[in-house]
Amino acid sequence: DVVDGDFPNPWKYFDIAEVRIADQPVIITRTGFSNELGWELYLRPENDCELVGNKIWESGQKYKMMLCGTPAFRARRIEAGLLSAGADFNETTTPYDVGLGRFVDLEKAQFLGKEFLKNADKTNKLWGLKVKNGIAKKGNLFSITGKILGKITSSTWSPYLECGVGIVRVNNKFAGAGTPVRVEGIDGKEYSGELCTLPM
């Protein structure tokens, strides 16, 4: 309903195409930051964003489309274990640290960082976090004895799981799924939680 003319066919997950919306050339992908089978639209500076936005909104009304803010997709992203660059991983982490080691091909011809990655610790240090009755504040993750276990990198409330959820990077490779933890909540109170696998 949104696209002018024919829609790409076939149209599979992670496909990309250029289409016209409200006579504006727009790049669309079959992806989403929410772990739902969604859409991402990429506009250029010369696009009339208001025209495109209005066409999407008008077309969506027959489907009862609603606007929502970032908390709605943040919960789905965390539950799915989709990582946010700059928060869950950064220039100090390796793919192994954050559970992405399966994407590293050390048999491949030379690539930037290959020698370092050959000798890097291959232990996954990234886990999910569930917190009963509260939302963890981003920052230190504590053991039940008060020792710092790592860092909470993403956090929010999950209406689906009915608890606080988060993504954490641990310092101790022995801390993993099932490890009980203590966290400071966004309300300043202390809460009990547990590490879990991703996706939740």
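That block above? That's the structure.
Here, residues in each chain are numbered from 1, in the same order as that chain's written sequence. Side-chain atom pairs in this predicted model are given and counted only at pLDDT of 80 or more, local residue features only at pLDDT of at least 70, and totals for whole chains, interfaces and linings cover all residues. The basis for the side-chain values is all heavy atoms of the structure; hydrogens and waters are excluded.

**Q** How would you explain the state of the cysteines if you had to name every residue and give the values?
**A** The disulfide criterion used throughout: a pair of cysteine sulfur atoms within 2.5 Å. With the rule as written, the count across this model stands at zero disulfides. Not engaged in a disulfide, the cysteine Cys49 finds its nearest cysteine sulfur in Cys68; these two sulfurs lie 19 Å apart. In this structure Cys196 is a free cysteine whose sulfur lies 8.1 Å from that of Cys163, the closest cysteine sulfur available. For Cys196, a relative accessible area of 10% translates into the label buried. The classification of residues rests on relative accessible area computed with a 1.4 Å probe and restricted to protein chains. Under 20% of the type maximum is buried, over 50% is exposed, and intermediate values are partly exposed.

**Q** Mind laying out the sheet that holds strand β2 (residues 24-29), listing which residues take part and the relevant values?
**A** In spatial order, the strands read β1-β2-β3; together these three strands make up an open sheet with antiparallel pairing. The sheet is open, and its two borders are formed by β1 (16-21) and β3 (40-42), each paired with just one other strand. Each neighbouring strand pair of the sheet contributes to a mean axis angle of 35 degrees, computed without reference to strand direction. Should DSSP find at least two bridges between two strands, the strands are regarded as paired. To qualify as a helix, a DSSP run of H or I must reach at least 4 residues; to qualify as a strand, a run of E must reach at least 2; elements of each kind are numbered from the N terminus. The pairing of β1 with β2 spans six bridges and is antiparallel. Residue pairing for β2: Glu18 is matched across the bridge by Ile27. Here helix α1 (residues 49-60) sits on the sheet in contact with β1, β2 and β3, set at roughly 60 degrees to β2. Note on geometry: axes are C-alpha line fits, over the in-contact stretch for helices, and angles between N-to-C directions span 0 to 180 degrees. Between two residues, a contact is recorded if the distance between any of their heavy atoms is within 4.5 Å.

**Q** So, α1: which residues are in play, and what are the values?
**A** Here α1 contains 12 residues, and its C-alpha end-to-end distance of 16 Å stays within 8% of the 16 Å for a straight helix at 1.5 Å per residue. Listing the buried residues of α1 in full gives Val52, Ser59 and Gly60. All buried residues of α1 lie within an arc of 100 degrees about the axis, which places them on one face of the element. In α1, those exposed residues whose orientation departs by more than 90 degrees from the buried face are Glu50 and Glu58. Contacts made by the buried residues of α1 are with β1 and β2. Given the number of residues in a helix, its expected span is that number minus one, multiplied by 1.5 Å. As used here, the arc belongs to the directions running from the helix axis to the C-beta atoms.

**Q** Could you give an account of the packing of aromatic side chains, with specific residues and numbers?
**A** Centres within 6.5 Å make a pair out of two Phe, Tyr or Trp rings, where for Trp the six-membered ring is used; the pair is then stacked when the planes are under 30 degrees apart, edge-to-face when over 60, and tilted otherwise. Within the structure shown, the criterion is met by four aromatic pairs. Note on Phe7 and Trp11: the rings are 5.6 Å apart at their centroids and 75 degrees apart in plane angle, and the pair reads as edge-to-face. Given the relative accessible area of 37%, Phe7 is considered partly exposed. A centroid spacing of 5.7 Å and a plane angle of 80 degrees characterise the contact between Phe7 and Trp39, whose relative ring orientation is edge-to-face. Of this pair, Phe7 sits in the segment before β1 while Trp39 sits in the loop between β2 and β3, and the two are 32 residues apart along the sequence. Ring pairs connect the aromatic residues Phe7, Trp11 and Trp39, which therefore count as one cluster. Lysine and arginine charges are scored as sitting over a ring when NZ or CZ, respectively, is within 6 Å of the ring centre and within 35 degrees of the ring normal. The ring of Tyr96 has Lys122 lying over it, and the distance from NZ or CZ to the ring centre is 5.0 Å.

**Q** Break down the pairing of strand β5 (residues 139-143) for me, citing the residues and quoting the values.
**A** When β5 meets strand β6 (residues 148-158), the two strands line up antiparallel, connected through four bridges. The residue of β6 that forms the bridge with Leu141 is Gly150. Here β5 folds back onto β6 in antiparallel fashion, the turn holding four residues, of which Gly146 has a positive phi close to 95 degrees. As judged from the two bridges shared by β5 and strand β8 (residues 180-184), these two strands associate in the antiparallel manner. Each bridged residue has a counterpart across the sheet, and for Ser143 the counterpart in β8 is Val181.

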